[in-house]
Amino acid sequence: MTTDLPTTEEEWRIRLSPAEFRVLREAGTEAPWSGEYVSTKTAGVYDCRACGAQLYPSDTKFDSHCGWPSFDDAIPGAVTEIEDHSHGMVRTEIRCARCDSHLGHVFRGEGFTSKNTRHCVNSLSIRLTPAG
């Protein structure tokens, strides 16, 4: 995990690729089905691509067929939720609790899993650390 976090958006811009910056720091969204982790089944932990904080164990990942990686639970305290009124709707944005980078959105009540929760996460927001 990175110990020294940038303090300005310009410092983040230097650390991240342009696509990562757009998603992580400007709350952008990658195109559906384009991310490297949409179909990944590898065991491990998904970390924040910006700061390295652990966010999602791979055993919480499931196939929602929405075009983005989906998880039904985060590591306790790893993400924060913020009400999002963009695009003419009300959603719940999820951000890394450590560096405040945008991850995606969380949806509840869809019935995909027994937890009835779907964290819809951009692949550009996470990096898989394989088990072992």
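Once a new chain begins, its residue numbering starts again from 1 and follows that chain's sequence as written. Local features in a predicted model are, by the rule used here, given only for residues with pLDDT of at least 70; side-chain atom pairs are given and counted only at 80 or more, and totals for whole chains, interfaces and linings are based on all residues. Only hydrogens and water are set aside when side-chain values are computed; all heavy atoms of the structure are taken into account.

Rule in force here: UniProt positions are given in the numbering used here, feature names are shortened, and annotations may be inferred rather than shown by experiment.
The name given to the protein in an unreviewed UniProt entry is peptide-methionine (R)-S-oxide reductase, with the source organism recorded as Actinoplanes flavus. Looking at the Cofactor (unreviewed entry) heading of the UniProt record, one finds this comment for the protein: "Zn(2+)".

A word on the overall build of the protein
Heads up, the rule is: Starting at the N terminus, helices and strands are each numbered in turn, a helix being any DSSP run of H or I of at least four residues and a strand any DSSP run of E of at least two. The globule rule used here is 2.2 Å times the number of residues to the 0.38 power, and the radius of gyration it is set against is calculated over C-alpha atoms. Throughout, a contact is declared for two residues whenever any of their heavy atoms are within 4.5 Å. Residue-level accessible areas treat just the shown protein chains as cover; the underlying method is Shrake-Rupley with a 1.4 Å probe. We count Lys and Arg on the positive side and Asp and Glu on the negative side, and we leave His and both chain ends out. A single reference atom marks each charge: NZ on Lys, CZ on Arg, CG on Asp, CD on Glu.
Looking only at helices and strands, one finds two helices and nine strands in the protein. In sequence order, the protein lays out its α and β elements as α-α-β-β-β-β-β-β-β-β-β. Whereas a compact globule of 132 residues would reach a radius of gyration of roughly 14 Å, the protein reaches 14 Å, a difference of no more than 12%. C-alpha extents for the protein along the principal axes are approximately 45 × 40 × 30 Å. Partitioning the intrachain contacts of the protein with sequence separation of at least 6 by distance along the chain shows that 52% fall at a separation of at least 24. Total accessible area on the protein is roughly 6900 Å²; 51% of this is exposed by carbon and sulfur atoms. On the protein, the mean spot of the 14 positive side-chain charges and the mean spot of the 19 negative ones are 2 Å from each other.

Things to note about the pairing of strand β5 (residues 79–84)
Across a regular strand the side chains alternate sides, sitting on one face of the sheet and then on the other. Spelled out, the test is: The pairing criterion for strands is at least two bridges between them, as found by DSSP.
Sheet topology note: the β5/strand β6 (residues 91–96) ladder contains six bridges and is antiparallel. Counterpart to D84 in the pairing with β6 is R91. Connecting β5 to the next strand, β6, in antiparallel fashion are six residues, including H87 with a positive phi near 60°.

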